[in-house]
Amino acid sequence: MGTRSTAEKIAAAAGKLLAREGADAVTMRRVAKAVGITPMALYRHFGDREGLLNALADAGFEALAARLANAAMPTDPEAQLTAILDLFLDFGLEKPRLFELMFFKPRDGARQFPGDFRDGRSPTAKFAAAALEAGMEQGIFRRDDIWEITFETGALLQGLLMLYVGGRVGASEQTFRELCHRAFGRYLRGIRQ
């Protein structure tokens, strides 16, 4: 097993701060102290705090995309969308502060709808888009704008998840998951043929 590079140690320390206290706690001084280097040495690896936060968010998107890519998906497009919902819920509930950084914090270079999505630059949205497209081709869903539906269902899930993590939903995790499934099901019934 090799030793981690300084950049990897910095990212790991920043990730721990993020997980414990949120993005506002990730300061260059605190991260440098956690790694045992000077703040100026940290700048050799990350140009600024925003660059460090972007690196954390990018790593989060890579991890979520890997979960989606490696999951055994059902063949039915509607079941695929439900499986994708569950993978997003798992990730967001396991890593709520990272999820918040990825989807809710303003960041330089964050992907925007519609252009970045239509151009295939979202590493996670493409999975739902593919399931929706298959469902339209099979006559399960009405023909419509795949990327708008992908964006809308993502917004529904992300909004519900952030309300839950923010303490605005008085329910157990299981009850919350059931609520998400019902909300998602209502949306899918609305786009069926």
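Residues numbered from 1 in each chain as written. Predicted model: local features only at pLDDT ≥ 70, side-chain atom pairs only at ≥ 80, totals over all residues. Heavy atoms only, no water.

Thoughts on the packing of helix α9 (residues 146-165) against helix α10 (residues 173-191)
Running from amino to carboxyl end, α9 crosses α10 at an angle of 160 degrees, the nearest separation of the two axes being 11 Å. Taken together, the axes of α9 and α10 are roughly antiparallel relative to one another. For the pair α9 and α10, the crossing hand works out as right-handed. Side by side, α9 and α10 meet where Ile149, Glu152, Thr153, Leu156, Leu160, Leu161 and Tyr164 of the first sit next to Glu173, Phe176, Cys180, Ala183, Phe184, Tyr187 and Ile191 of the second. Here the contact of α9 with α10 is built from residues that sort into 11 nonpolar, 1 polar and 2 charged. (Axes fitted to C-alpha atoms, helices over the stretch in contact; angles between N-to-C directions. Helix = DSSP H or I, 4+ residues; strand = E, 2+ residues; numbered from the N terminus. Parallel < 35°, antiparallel > 145°, perpendicular 65-115°, else oblique. Left-handed = near helix turned anticlockwise from the far one by under 90°. Contact = heavy atoms within 4.5 Å. Nonpolar A, V, L, I, M, F, W, Y, C, P; charged D, E, K, R; others polar.)

Thoughts on the layout of surface pockets
A probe matching the size of a water molecule, rolled over the atoms, marks out where space remains unfilled. Counted as a void, the largest pocket has a volume near 550 Å³. Lining the largest pocket we find 28 residues, and of these Phe103, Phe117, Phe151, Gly154 and Gln158 sit closest to its centre. For the lining of the largest pocket, the elements supplying multiple residues, two or more each, are α5 (77-94), α6 (96-103), α8 (125-137) and α9. At 7 residues, α9 tops the list of elements feeding residues into the lining of the largest pocket. Of the residues in the lining of the largest pocket, the class split is 18 nonpolar, 7 polar and 3 charged. If you add up the space inside the second largest pocket, you get close to 220 Å³. Lining the second largest pocket we find 13 residues, and of these Gly15, Leu18, Ala19, Lys95 and Leu98 sit closest to its centre. Elements supplying a minimum of two residues to the lining of the second largest pocket: α1 (6-21), α4 (49-70) and α6. In terms of residue class, the lining of the second largest pocket is built from 8 nonpolar, 2 polar and 3 charged. (1 Å grid on protein atoms, 1.4 Å probe; cavity = no way out; pocket = protein on both sides within 12 Å on 5 of 7 lines; lining within 4 Å. Points joined across faces, edges and corners; volume = space filled by probe spheres on them.)

Remarks on unusual backbone geometry
In the segment running from Phe113 into Pro114, the intervening peptide bond is cis, with an omega of 5 degrees. Along the chain, Pro114 turns up in the loop between α6 and α7 (115-118).

So, the nonpolar core
Val26, Val31, Leu52, Leu81 and Leu101 are the most contacted members of the largest nonpolar core, which has 55 residues in total. Residue assignment for this core shows that the elements contributing at least two residues are α1, α2 (28-35), α4, α5, α6, α8, α9 and α10. Setting aside residues no more than four positions away along its own chain, Val26 makes contact with Ala14, Leu17, Leu18, Val31, Arg49, Leu52 and Leu53. (Core = buried A, V, L, I, M, F, W, Y, C linked by side-chain atoms within 4.5 Å. Buried < 20%, exposed > 50% of the residue type's maximum accessible area, 1.4 Å probe, protein only.)

Points about the side chain of Glu78
Looking at where Glu78 falls in the secondary structure, it is placed in helix α5. The class for Glu78 is buried, based on a relative accessible area of 17%. One polar contact links Glu78 to Arg192, side chain to side chain, over a distance of 2.4 Å. The residues contacting Glu78, other than those within four sequence positions of it, are Ile140, Phe141, Leu188 and Arg192. (Polar contact = N/O pair within 3.5 Å; in protein donor to acceptor, adjacent residues only side chain to side chain.)

Quick notes on α4
A rise of 1.5 Å per residue sets the reference length of α4, with its 22 residues, at 32 Å; its end C-alpha atoms lie 32 Å apart and thus fit the reference within 8%. The complete set of buried residues in α4 reads Leu52, Leu53, Asn54, Leu56, Ala57, Gly60, Phe61, Leu64, Ala65 and Leu68. If you follow the buried residues of α4, they end up packed against α1, α2, α5, α6 and α8. Its side-chain oxygen at 3.3 Å from the backbone nitrogen of Glu50, Asp48 defines the N-terminal cap of α4. (Expected span 1.5 Å × (residues − 1).)

Comments concerning α5
In this model, α5 (18 residues) spans 26 Å end to end at C-alpha, consistent with the 26 Å of a helix rising 1.5 Å per residue. Along α5, the residues that are buried comprise Pro77, Glu78, Gln80, Leu81, Ile84, Leu85, Leu87, Phe88, Leu89, Phe91, Gly92 and Leu93. Tucked inside the fold, the buried residues of α5 contact α4, α6, α8, α9 and α10. A side-chain oxygen of the first residue of α5 lies 3.2 Å from the backbone nitrogen of Glu78; this N-cap is Asp76.

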